[in-house]
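# Geometric and topological summary
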Amino acid sequence: MTSRDRLLDARRSASARAAALRAELRDVLDSASSTTGDDEHDPEGATIGFERAQAAALLAAAEARLDEIDAALARVSGGAYGRCVECGQPIGAERLGARPTAERCMSCATRR
Ligand SMILES: [Zn+2]
């Protein structure tokens, strides 16, 4: 499997996850608007607020992950994939295997 295939694979699952979270967030918003809107006296109000914040945070993380994968795919097309963006040294195969979207080699990543 090439790095590109691995990234495309990761992109598919990240994008499915983002879609599922988007649907979940929509559900939470729907159930929020179907209640009376009297949040203070509605015991469900606080729960929905929490669920909404949590779903939004998870969705933001999933979208950030998609961006990371897209950036890695752009580096593949540009021929820069697998090189550290900071020192220009090759990123170890082991590191790329564990984290295909890695932009920095181990020593640059841990120095930050
Ligand atoms: Zn480096």
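Reference entry: report on the structure contained in this document. (Residues numbered from 1 in each chain as written. Predicted model: local features only at pLDDT ≥ 70, side-chain atom pairs only at ≥ 80, totals over all residues. Heavy atoms only, no water.)

A word on the environment of Gly92. Considering the arrangement of structural elements, one finds Gly92 in the loop between helix 2 (43-78) and helix 3 (93-98). Between the C-alpha atoms of Gly92 and Met106, which are 14 residues apart in sequence, the distance is 7.8 Å. (Helix = DSSP H or I, 4+ residues; strand = E, 2+ residues; numbered from the N terminus.)

A few words now on the nonpolar core. Core analysis: the biggest nonpolar cluster contains 20 residues, and Leu7 and Ile69 have the highest contact counts within it. For this core, the secondary structure elements donating two or more residues are helix 1 (3-34) and helix 2. Broken down by element, this core gets its largest block of residues, seven residues, from helix 2. The residue makeup of this core includes at least three contributed by each of domain 1 (3-80) and domain 2 (82-112). Filtering out sequence-adjacent residues up to four positions away, Leu7 remains in contact with Ile69, Ala72, Leu73, Val76, Tyr81, Pro100 and Thr101. (Core = buried A, V, L, I, M, F, W, Y, C linked by side-chain atoms within 4.5 Å. Buried < 20%, exposed > 50% of the residue type's maximum accessible area, 1.4 Å probe, protein only. Domains from an automatic or database assignment. Contact = heavy atoms within 4.5 Å.)

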